[in-house]
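# An overview of the molecular structure
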Amino acid sequence: MPYAEVCVNSPAALRPVFSYSIPANLDIKTGQAVWVPFGRQILQGIVVETSQIPGYPETREIIDIIETAPVLSPASLKLGKWIAGYYRCPLFQALELMLPPGFERRSIGMICPTGNIVQSRTGSLGDDERQLLEKLNDSGPLEVKDIEKMLGVRRAQRAISRLINLELARRQFEVGPVRVKPRQDTFVELNIDPRLARETIDKLGGKAPRQSAVLEYLLVQSEPVPWQDISRAAAVSTSARNSLAEKGFILLSKQQVSRRPIPVVSICAEKPLIPTGPQTHAVNNITESLKRNLSRVFLLHGVTGSGKTEVYLQALAEAISLGKKALVLVPEISLTPQTIERFTARFPNQVAVLHSRLSLGEQFDQWQEIREGKYSVVVGPRSALFAPLPDLGLVVIDEEHEWSYKQDTSPRYHARRVAVEMCRINRATLVLGSATPDVESYYLATRGQYRLLSLPDRLAPRVSPALPEIQVVDLREELKSGNRSIFSRALQNELSGTLSRKEQAILFLNRRGGATFIQCRDCGHVLSCRRCRVSLSYHFEEEKLVCHHCNYRQPVPQVCPECSSRKIKYLGAGTQAVAAEVAALFPSARVIRWDSDTTRLKNGHRDFLHAFREGRADIIVGTQMIAKGLDFPGVSLVGVINADVGLNLPDFRAGERTFSLLSQVAGRAGRGSAPGKVIIQSYCPGHYSIQAAARHDYAAFYSRELVYRRDLYQPPFSSLIRLTFSHTNDEFCQREALRLKTELEQQRDCRGIAGISLIGPAPAFLHRLRGRYRWNIHIKGSQPAQLLDLVELPARWKVDVDPLGLE
């Protein structure tokens, strides 16, 4: 009898796969999605292997196939197993990254009457059991959730258990409805001769003008047209359509249509540019790897405005000419509209897009068409890495240094690391591009593990050939001279000049809201989130205090909740405050605020991008999303309101992140014909990361940063794993962390494992988050995973391999 090893979608699964026998009527293949029994439920599963011998003696039978064609290729299964092993997550979580949008379907618990109405059994029933039994006999099977609504959760569970024990009811599970299907639209065509249609129009005339309008529209159509097009063009309702169909004048049909998120008709075609010498060298190296099917990794290090995107485009063209597919990752959804425009202009009708802002239907259609090979290029943020591209030949990760490529929920993968493994499995080429490469990536390039390609100069003539001039302003001196504005005098003067020359400016502050916190000036109390141990930020447009971690909101108090004083002070500044200050200083300036508060709608990023590019705004005020690769030729000035945000956090990567952010946002200036100017405001102007950014000197920053990393044995000279335990009780949380630390130390010492150190346990940087206290243990060493293999972690422990940032 054949068997299948199936990975099931259940957090209760204690093993990665379970053995199921294959019924004779089912043709089971590796990578297929199937329904399987699991406990008393019916669950989705993925077949990861088939054999003639069961992996475990206890086996049950597969119920049915969800989809005939395998949903995962052998390469995807191999990658999923690698992700599960490397990032310490359940196998189904890893495979789920590659499944179609809307794939997950739940099983619905049902309670059914058995029909065994025996007086001896029903006589002892209580009121709840009797009420439920009567309802089941009258209405038939009921969902468990409906019974819980009727009786309450505890009473419902007692009543259900009682009826099942007395064999008056039984429990069964049914499969929930499909979440998304292919879209079917109504199409309309004439069902009569055109001459007769003309006569009918004349007869209808003033009696039925809407029906006449529909026939007029169809007379000039050579094929069936969507009813939506007719309805918009002729301004008619479905009643006119239905009347014509009943009379036999038109024919209605259902046709499958694709929900396309890219409006290709609005994008003009673009020809390849003539590459510079360094660009040609980069493209030639990438092309060689493509032709030889090598899984090489290239690090494309080019200053801002040096033409990295043109290298990507020409490399993509080479891949497509070889019959290969390509994937392009961007760090933010905000960059997707701009990237889509550039890539679609070069490859019309060949580019697909995948990201979370698309509707579920759009994601489903794009995913299916990508799998069918209808597109040559897929563009999107981190999650697009798992698009089902056949014949994958090239992966491009733009702004590879960005932290947004790291997933913050399980599986906590980094897209760059996964892409390296994906390209190895598929024998594809990987290109990592950045003006400020991640220190670890650059280190690997200098050691020969990656191949370094350089674009040292800006392109001319469209981009100003010189990198923008950067001036660092010491805010301490501004305060001494009496300037208490959030704008230094130098920045105010430059803003005034930029506006007078009809040029554009970007003001960057990596903090949203109006004020960072509010404090009582009498007792010093700071209003904090009741669920998280962090201060609440003031958003004056909503007149609310908001927690940026759990989204808790409360009205602004009129008096201090501790001492009832009315002396409440708003301290710190966010993008709302900066935008308000700009409006006060320059009333005629048109200001856009671009942050996560203002771009919540589906097309928010695209609308802001077009408005600023088309000159409908003079100044953008924004957070880090405006620092990542956006190309605005009209911007001649960039102002960094406070370069110190994040600089002094207890994180060994704080200097690197500050340098990258400053360099990237500075690179938005001077990308057109006008020279660029950057003003960086700081209370720590002498910090090495700020000084290196001001000189556009990545080499100096990298050299100094590497010395610090080597001295402190931090990555890239070691690897890190962070273990986090959370609980509503802080003391219990600390005790569990200490217990695990002791167990890890004992295993390390008794096994003689050298070169591994344990840091902690210590409270997490955000000690209390969403009502739960958190404690961390860090394992540091050349191979920290080998120590983790020796212990069994309880379910509440969270594992983060190669962590980024503070937790």
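Calculation notes
Residues numbered from 1 in each chain as written. Predicted model: local features only at pLDDT ≥ 70, side-chain atom pairs only at ≥ 80, totals over all residues. Heavy atoms only, no water. Pairing = 2+ DSSP bridges. Helix = DSSP H or I, 4+ residues; strand = E, 2+ residues; numbered from the N terminus. Salt bridge = Lys/Arg side-chain N within 4 Å of Asp/Glu carboxyl O. Buried < 20%, exposed > 50% of the residue type's maximum accessible area, 1.4 Å probe, protein only. Axes fitted to C-alpha atoms, helices over the stretch in contact; angles between N-to-C directions. Left-handed = near helix turned anticlockwise from the far one by under 90°. Contact = heavy atoms within 4.5 Å. Polar contact = N/O pair within 3.5 Å; in protein donor to acceptor, adjacent residues only side chain to side chain. Core = buried A, V, L, I, M, F, W, Y, C linked by side-chain atoms within 4.5 Å. Patch = residues over 30% accessible without salt bridge, like charges linked within 9 Å, V, L, I, M, F, W, Y side chains within 5 Å. Areas by Shrake-Rupley, 256 points an atom, 1.4 Å probe, with all protein chains shown as cover. Phe/Tyr/Trp six-rings, centres within 6.5 Å; stacked < 30°, edge-to-face > 60°. Lys NZ or Arg CZ within 6 Å of the ring centre and 35° of its normal. Disulfide = S-S within 2.5 Å.

Attention now moves to the sheet that holds strand β11 (residues 225-226). In spatial order, the strands read β11-β10-β12; together these 3 strands make up an open sheet with antiparallel pairing. Of all the strands in the sheet, the pair left with one neighbour each is β11 and β12 (250-257).

Here we come to the pattern of salt bridges. Under the counting rule described, the total for this entry stands at 36 salt bridges. Salt-bridge contacts for R371 lead to E67; the nearest nitrogen and oxygen are separated by 2.7 Å. Placement of the pair is R371 in helix α14 (residues 360-371) and E67 in the loop between β6 (64-65) and α1 (74-86), with a sequence separation of 304 residues. For E503, the salt bridge identified is with R501, shortest N-O distance 3.2 Å. Overall, E503 belongs to the buried group, its relative accessible area being 18%. Connected through shared salt-bridge partners, E288, R292 and R296 make up one network.

Two numbers describe how α1 lies on helix α15 (residues 415-426): the axes approach to 10 Å, and their chain directions differ by 145 degrees. When the axes of α1 and α15 are compared, the crossing they make is right-handed. Residues A75, K78, L79, W82, I83 and Y86 of α1 form the contact with α15, whose own contacting residues are R417, V418, E421, M422, I425 and N426.

This part is about the side chain of Q624. Inspection of the secondary structure assignment puts Q624 in the loop between β28 (619-622) and β29 (635-640). Polar side-chain contacts of Q624 include one of 3.5 Å to the side chain of R657. Those residues in contact with Q624 that sit more than four places away from it in its chain are E332, F508, N510, R657 and L661.

Next up on the list: the nonpolar core. Among the nonpolar cores identified, the biggest contains 111 residues, and I46, I83 and L723 are the most heavily contacted of them. Considering each element in turn, this core owes the most residues, 6 residues, to α15. Not counting residues within four places of it along the chain, the set of residues in contact with L723 comprises L740, L744, W775, N776, I777, I779, L788, L793, W797, K798 and V799. One finds I262, L358, V377 and L394 within the second-largest nonpolar core, a separate group that totals 28 residues.

Together, L649, F765 and L806 make up an exposed nonpolar region whose accessible area comes to about 250 Å². Within the element layout of this structure, F765 appears in strand β32 (residues 756-769).

Further remarks concern the packing of aromatic side chains. Applying the stated criterion across every chain yields a total of 18 aromatic pairs. Each ring, one from Y443 and one from F717, has its centre 5.2 Å from the other, and the planes form 65 degrees; the classification is edge-to-face. Taken as a pair, Y443 in helix α16 (residues 439-446) and F717 in the loop between α23 (698-711) and β31 (719-727) lie far apart in primary sequence, 274 residues in all. Ring geometry for F659 against Y698: centres 6.0 Å apart, planes inclined by 50 degrees, an arrangement best described as tilted. Of this pair, F659 sits in helix α21 (residues 654-666) while Y698 sits in helix α23, and the two are 39 residues apart along the sequence. Each member of the pair F659 and Y698 is classed as buried. Aromatic rings pair up to connect Y442, F659, Y688, Y698, F701, Y702 and Y708 into one cluster. The aromatic ring of W227 is capped on one face by R241, whose charged end is 5.2 Å from the ring centroid.

Hydrogen bonds between backbone groups are what pair the strands of a sheet, and the pairing can be parallel or antiparallel. Taken together, the 7 strands give an open sheet; going across it, the order is β15-β16-β14-β17-β18-β13-β19, and neighbouring strands pair in parallel fashion. Two strands in the sheet have a free side with no partner beyond their single neighbour: β15 (351-353) and β19 (451-455). Geometrically, the sheet is characterised by an average inter-axis angle of 20 degrees between neighbouring strands, direction not taken into account. Pairing geometry for β15 and strand β16 (residues 377-380), over 3 bridges, is parallel. Opposite A352, over in β16, you have V378 as the bridge partner.

P715 connects to P716 through a cis peptide bond whose omega is 15 degrees. Checked against the element boundaries, P716 lands in the loop between α23 and β31. For the peptide bond that leads from G760 to P761, omega is 5 degrees, which places it in the cis range. Looking at where P761 falls in the secondary structure, it is placed in strand β32. Although it is not a glycine, D391 adopts a positive phi angle of roughly 55 degrees. Examined against the element boundaries, D391 turns out to sit in the loop between β16 and β17 (392-398). Looking at D391, the relative accessible area reads 55%, which means it is exposed. Even without being glycine, H696 reaches a positive phi, approximately 55 degrees. Tracing the backbone shows H696 in the loop between α22 (688-694) and α23. On the basis of relative accessibility, which here comes to 32%, the residue H696 falls in the partly exposed class.

In this section: the side chain of S488. Position of S488 among the secondary structure elements: in the loop between α17 (475-480) and α18 (489-500). Look at S488 and you get buried, because its relative accessible area is 1%. Once residues within four sequence positions are removed from consideration, S488 is found in contact with V473, E478, N483, I679 and Q681.

Moving on to the state of the cysteines. As enumerated under the stated definition, the model contains 0 disulfides in all. Left unpaired, C89 is separated from the closest cysteine sulfur, that of C7, by 9.7 Å. Free of any disulfide, C563 has its nearest neighbouring cysteine sulfur in C520, separated by 3.6 Å. On the basis of relative accessible area, C563 is assigned to the partly exposed category, the value being 34%.

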